[in-house]
Amino acid sequence: MIKEINIGCASTNTSYGRRLDTTLVELNSKASVSALFTSNKFKSAPVQVCLSHIKMKKKGRKILAINAGNANAATGKKGVSDTKKLVKEISDLSGVPSSHILPFSTGVVGQLLNTKSLSLAFSECFKNLNKNSWDDFATSIMTTDTKSKVIKLPFKIGSKKYHIVGVAKGVGMIEPNMATTLSYVFTDLKISDSLLKKLHKRICDKTFNAVSIDGDQSPSDSNILVATGTSEIDVKKNLTKIEKDIFLVFQKLSEKLVLDGEGSTKLLNITVKGLSSELSCKKVAMKIANSPLVKTAAYGEDPNWGRIVVAAGNADVEEFDIEKLSLKIGKHSVLVNGNLSKKYKESQGKKEFKKRKINLELSIGNSKNSFTVIGSDLTKEYISINSDYRS
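For clarity, every value in this text was computed on a predicted model and none was experimentally measured.

**Quick word on the overall build of the protein**
No. 1: What the protein contains, in helices and strands, is eleven helices and 16 strands.
No. 2: Against the compact-globule benchmark of 21 Å for 391 residues, the protein has a radius of gyration of 22 Å, which places it among compact chains.
No. 3: Referenced to the eigenvectors of the C-alpha coordinate spread, the extents of the protein come out at roughly 70 × 55 × 35 Å.
No. 4: Looking at the protein as a whole, 54% of its 391 residues are labelled buried.
No. 5: Pairs at least 24 residues apart make up 80% of the contacts formed inside the protein by residues separated by at least 6 positions.
No. 6: Surface exposure of the protein reaches about 17,600 Å², of which carbon and sulfur atoms provide 50%.
No. 7: Averaged over its 61 positive side-chain charges, the protein has a centre that lies 4 Å from the centre of its 38 negative ones.

So this is what it looks like as structure tokens:
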């Protein structure tokens with residue numbers, strides 16, 4: 001779908017049997033790459049290596065190297081040296097400089113990589129370049145995910161077409177501050193490095209950085225945006241539309257993460273409006289999204305709106321004024337300026353909470369600022385998955 005991107009996948013035949021669990025993505029020499037990583041101070045070895053490589057100018061081919069099953073986090077100097085060893089081997093195979101190779105790992109924290117099996121698998125990936133699909137790529141990076149997550153969309157400006165493809169994994173340990181889990185978005189548009197970075201940060205802040213499943217941020221969170229430069233479309237003249245289109249792919253991937261959250265049965269779409277800054281709105285929305293009482297109410301399909309208000313009141317926002325507080329569940333007003341709406345019926349709330357997607361809107365002031373966070377419910381299945389993750 002996007003020219004001059006080659007994908008090769010393989011299996012280490014370890015954690016997931018014969019399932020694909022390693023991938024190389026070869027990028028053309030024109031490609032611009034923007035990368036955002038976890039702000040967790042406890043960064044995995046691959047993130048540390050990526051951060052050093054991404055600072056260097058990259059003329060020529062580039063490679064993304066990904067393995068699933070082991071995060072290579074909390075592995076000390078040995079973890080970093082193992083990552084560098086694998087990068088060097090890929091460099092020797094491909095002729096691509098080590099500094100042009102970005103490594104990513106996801107899975108269990110605190111275990112050393114099986115470098116022998118990964119060396120063999122990455123060698124097989126190299127042989128398979130241009131033989132595997134986007135769907136294979138999406139499958140190969142899964143851990144506790146129950147579904148692969150890939151978005152492939154064509155777009156058009158006049159008679160000229162361009163494409164955006166997104167691939168992501170992650171269903172738990174998700175509350176980002178820089179990016180979320182492992183996610184990759186590719187387009188054939190020609191976008192300069194500086195503009196790509198600005199677009200990436202702006203879009204990521206409103207999508208992946210507005211997702212929370214369990215309030216824990218992974219040490220491996222990485223988000224990559226690639227523009228291969230093979231399209232002839234004038235990006236600057238069409239920037240508004242192009243930004244909306246890239247945003248759409250990021251948004252759809254974010255929703256896929258939440259809908260496949262570990263044990264998730266509900267998507268909570270939480271919008272907070274009216275505070276003095278967008279950041280304050282985000283703080284309140286995140287507090288609601290991460291409230292165990294709100295999440296369990298969603299799982300039980302109980303429109304217990306008191307829990308929503310209490311969670312909002314616990315946010316670290318001084319300007320909270322109960323007399324300006326209004327709450328909607330779906331289209332139904334529950335509170336208006338701090339008072340219970342005379343029109344609201346419990347049956348209306350119950351109907352909304354039975355839906356797969358639950359929309360909550362909280363207004364706490366008169367400003368035009370707003371922020372939307374998406375979260376999930378908290379289920380018995382989530383506890384089951386995470387209580388025996390390593391067994």
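That shown, we press on.
**What about the side chain of E243?**
No. 1: Looking at where E243 falls in the secondary structure, it is placed in helix 6 (residues 239–259).
No. 2: A polar contact is formed between the side chain of E243 and the side chain of R202, at a distance of 2.9 Å.
No. 3: If we ignore the near neighbours within four places in the chain, the residues touching E243 are L199, R202 and I203.

**Observations concerning the sheet that holds strand 11 (residues 267–273)**
No. 1: Taking strand neighbours across the sheet as the criterion, the seven strands line up as 9-16-11-15-12-13-14 in an open arrangement whose pairing is mixed. Each end of this open sheet is capped by a strand with a single partner; those strands are strand 9 (211–212) and strand 14 (339–340).

**A short note on the packing of helix 2 (residues 76–94) against helix 3 (residues 115–127)**
No. 1: Relative orientation of the contacting elements helix 2 and helix 3 amounts to 30°, with a least axis distance of 10 Å. Considering their axes alone, helix 2 and helix 3 lie roughly parallel with respect to each other. Of the two possible hands of crossing, helix 2 and helix 3 adopt the one that is right-handed. Between helix 2 and helix 3, the residues in contact are D82, K85, L86, E89, I90, L93 and S94 and T115, L118, S119, F122, S123 and F126, respectively.
No. 2: Here the residues of the contact of helix 2 with helix 3 are counted per class, giving six nonpolar, four polar and three charged.

**Observations concerning the nonpolar core**
No. 1: Core analysis: the largest hydrophobic core is formed by 32 residues, its most contacted members being I270, V272, V284, I288 and L362.
No. 2: Those elements giving two or more residues to this core turn out to be strand 11, helix 7 (278–289), helix 8 (292–299), helix 9 (305–313), strand 12 (326–329), strand 13 (332–336), strand 15 (357–363) and strand 16 (370–376).
No. 3: With six residues, the single largest contributor to this core is helix 7.
No. 4: Counting residues in hydrophobic clusters, the runner-up holds 28 residues, among them I7, C9, I66 and V226.

**Quick notes on the pattern of salt bridges**
No. 1: The tally for this structure, following the rule as stated, stands at 15 salt bridges.
No. 2: A salt bridge links K88 to D92; the nearest nitrogen and oxygen atoms lie 3.0 Å apart. Placement of both K88 and D92 in helix 2 is noted, with a separation of four residues, approximately one turn of the helix.
No. 3: The partner of K152 in a salt bridge is D135, with the nearest N and O atoms 3.3 Å apart. One end of the pair, K152, is in strand 6 (residues 149–157); the other, D135, is in helix 4 (residues 134–140), and 17 residues separate them in sequence.
No. 4: Taking relative accessible area as the criterion, K152 reaches 38% and is therefore assigned partly exposed.
No. 5: Residue class for D135 comes out partly exposed when judged on its relative accessible area of 34%.
No. 6: Three or more residues joined by partner-sharing salt bridges are found here, namely K266, E301 and K354.

**Quick word on the sheet that holds strand 10 (residues 222–227)**
No. 1: Spatially, five strands are ordered 3-10-8-7-6 in an open sheet, and the strand pairing comes out mixed. Each edge of the sheet is formed by a strand with only one pairing partner; in this case those strands are strand 3 (32–37) and strand 6. Neighbour-to-neighbour, the strand axes of this sheet turn through a mean angle of 10°, independent of strand direction.
No. 2: One ladder, built from six bridges, connects strand 8 (residues 182–187) with strand 10; its direction is parallel.

**Observations concerning the environment of K380**
No. 1: With respect to the element layout, K380 can be found in helix 11 (residues 380–387).
No. 2: Sequence separation between K380 and I364 is 16 residues, and the spatial gap between their C-alpha atoms is 33 Å.

**Let's talk about a positive patch on the surface**
No. 1: On the surface, a cluster of positive charge is contributed by K147, K252, K256 and R356.
No. 2: Inspection of the secondary structure puts R356 in the loop between helix 10 (346–353) and strand 15.

**What to know about the confidence of the model for the protein**
No. 1: Looking at the protein, pLDDT values average 91 and 93% of them are 70 or higher.
No. 2: Low pLDDT (under 50) marks residues 173–180, which in the prediction has 46 contacts with non-local residues, meaning those over four places away or in another chain.

**Things to note about the packing of aromatic side chains**
No. 1: The final tally for this structure, using the stated rule, is seven aromatic pairs.
No. 2: Ring geometry for F137 and Y184: centres 5.5 Å apart, planes at 45°, overall tilted. Taken together, the residues span a long stretch of sequence, with F137 in helix 4 and Y184 in strand 8 at a distance of 47 residues.
No. 3: Given the relative accessible area of 0%, F137 is considered buried.
No. 4: With a relative accessible area of 0%, Y184 lands in the buried category.

The rules behind the values
Residues numbered from 1 in each chain as written. Predicted model: local features only at pLDDT ≥ 70, side-chain atom pairs only at ≥ 80, totals over all residues. Heavy atoms only, no water. Helix = DSSP H or I, 4+ residues; strand = E, 2+ residues; numbered from the N terminus. Rg over C-alpha atoms; globule rule 2.2 N^0.38 Å. Buried < 20%, exposed > 50% of the residue type's maximum accessible area, 1.4 Å probe, protein only. Contact = heavy atoms within 4.5 Å. Areas by Shrake-Rupley, 256 points an atom, 1.4 Å probe, with all protein chains shown as cover. Lys, Arg positive; Asp, Glu negative; His and termini not counted. Charge placed at Lys NZ, Arg CZ, Asp CG, Glu CD. Polar contact = N/O pair within 3.5 Å; in protein donor to acceptor, adjacent residues only side chain to side chain. Pairing = 2+ DSSP bridges. Axes fitted to C-alpha atoms, helices over the stretch in contact; angles between N-to-C directions. Parallel < 35°, antiparallel > 145°, perpendicular 65-115°, else oblique. Left-handed = near helix turned anticlockwise from the far one by under 90°. Nonpolar A, V, L, I, M, F, W, Y, C, P; charged D, E, K, R; others polar. Core = buried A, V, L, I, M, F, W, Y, C linked by side-chain atoms within 4.5 Å. Salt bridge = Lys/Arg side-chain N within 4 Å of Asp/Glu carboxyl O. Patch = residues over 30% accessible without salt bridge, like charges linked within 9 Å, V, L, I, M, F, W, Y side chains within 5 Å. pLDDT = per-residue confidence, 0-100. Phe/Tyr/Trp six-rings, centres within 6.5 Å; stacked < 30°, edge-to-face > 60°.

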